[in-house]
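A look at the structure
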Amino acid sequence: MAEFAQAAGNLIGGVASYEAGKFNRDTARTMAIEEERAGAAEEARIREAARMAIGDQVAAQGSNGFQQGTGSAIDALAQSQVNAAFDALVARQDAARRARAQRIQGDIAYAQGSNALVQGMLGAASSVHSARQDWASARRGTTPRGGGTGGGYGGVVVKSPDGTKSGGVPNSPRGS
C-alpha cells in the first residue's frame, strides 16, 4: 500500500512541478513584454530629450552669431543627432536583451517542470511495478531478487516441498 502512496506522491509532485514551470514561463513572458515596453519608453524619452537639446543648441548658436545651417554649426547638429540616435538604439537593444533573457528563463523553467513531470511519472510507474512484483512474489511464496530472508546469490528464495529453502542456484553452498 505504501508503494501506491509513493506512486501517487511522485505523480502529484511531477504535475505540481510541471504547473509551476508553466506558471514561471508565463510570468517570464509577461516580464519580457514589460521589459520591451520599458525599453520603448526609454527610447522615446531619449529621443525627446535629444530634440529638446538640439533645439537649445540651435537657439544658442543663433544667439552667438553662428550662421544657421552652415559649416561647423550644421556639423555640431548632425553629430548631436547621431549621438541621440545611437543612445536610442542602445536603449532598444538593452531592452531586447533583457526581454530575451526573461524568455529564456521562462523556457528553462518550463523545461524543468516538464522534466519533473516525466520524472514523477517514471517514479510512479517504478513504484507500481515494484509493488506488483512484491505482490506477485508474495503470491508465489517467494521474495524478489536480492531481498528478503534466505540465501542464494541474489536469486529467488524458493520453498521446496520438504520445507527447506533453496537460493534458486543449483548446488549452492548457501542452499538451506
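The rules we used
Residues numbered from 1 in each chain as written. Predicted model: local features only at pLDDT ≥ 70, side-chain atom pairs only at ≥ 80, totals over all residues. Heavy atoms only, no water. Helix = DSSP H or I, 4+ residues; strand = E, 2+ residues; numbered from the N terminus. Buried < 20%, exposed > 50% of the residue type's maximum accessible area, 1.4 Å probe, protein only. Contact = heavy atoms within 4.5 Å. Areas by Shrake-Rupley, 256 points an atom, 1.4 Å probe, with all protein chains shown as cover. Phe/Tyr/Trp six-rings, centres within 6.5 Å; stacked < 30°, edge-to-face > 60°. Lys NZ or Arg CZ within 6 Å of the ring centre and 35° of its normal. Expected span 1.5 Å × (residues − 1). pLDDT = per-residue confidence, 0-100. Salt bridge = Lys/Arg side-chain N within 4 Å of Asp/Glu carboxyl O.

Regarding the overall build of the protein
Helix and strand content of the protein: 2 helices and 2 strands. Beginning at the N terminus, the succession of helices and strands in the protein can be written as α-α-β-β. The 176 residues of the protein split such that 22% are buried. For the protein, the proportion of contacts with a sequence separation of at least 24, taken over those separated by at least 6, is 55%. When the accessible surface of the protein is split by element, carbon and sulfur atoms take 58% of a total near 11,700 Å².

Quick notes on the packing of aromatic side chains
The final tally for this structure, using the stated rule, is 1 aromatic pair. For the pair Y18 and Y110, a centre-to-centre distance of 5.8 Å together with 50° between the ring planes defines the contact as tilted. Pair noted here: Y18 is in helix α1 (residues 2-63) and Y110 is in helix α2 (residues 71-140), with a separation of 92 residues, a long-range link. Among the residues examined, Y18 registers a relative accessible area of 19% and is labelled buried. Looking at Y110, the relative accessible area reads 26%, which means it is partly exposed. Positioned above the aromatic ring of Y110 is the side chain of R25, whose terminal nitrogen or guanidinium carbon lies 4.4 Å from the ring centre.

Remarks on α1
If you check α1, its first and last C-alpha atoms are 89 Å apart, about what 62 residues at 1.5 Å a residue would give, namely 92 Å. Just downstream of α1 lies G65, where phi reads positive at about 90°.

Some points on the confidence of the model for the protein
In this model, the protein carries a mean pLDDT of 80, and residues with pLDDT of at least 70 account for 76%. Across the protein, α1 holds the top mean pLDDT of 89, while strand β2 (residues 165-166) sits lowest at 51. Long-range and interchain partners of residues 147-156, a stretch whose pLDDT sits below 50, account for 25 contacts in this model, where long-range means more than four residues apart.

Considerations on the pattern of salt bridges
Tallied over the entire structure, the rule returns 10 salt bridges. When the shortest N-O distance is used, the salt bridge between D26 and R25 registers 3.3 Å. Residue classification places D26 among the partly exposed positions, given a relative accessible area of 37%. Judged by its relative accessible area of 16%, R25 falls in the buried class. R47 is the partner of E43 in a salt bridge, and the nearest nitrogen-oxygen pair spans 3.2 Å. Placement of both E43 and R47 in helix α1 is noted, with a separation of 4 residues, approximately one turn of the helix. The exposure class assigned to R47 is partly exposed, which follows from its relative accessible area of 33%.

Considering the side chain of Q102
Following the sequence through the fold, Q102 ends up in helix α2. Taking the relative accessible area as the measure of exposure, Q102 reaches 14% and is therefore buried.

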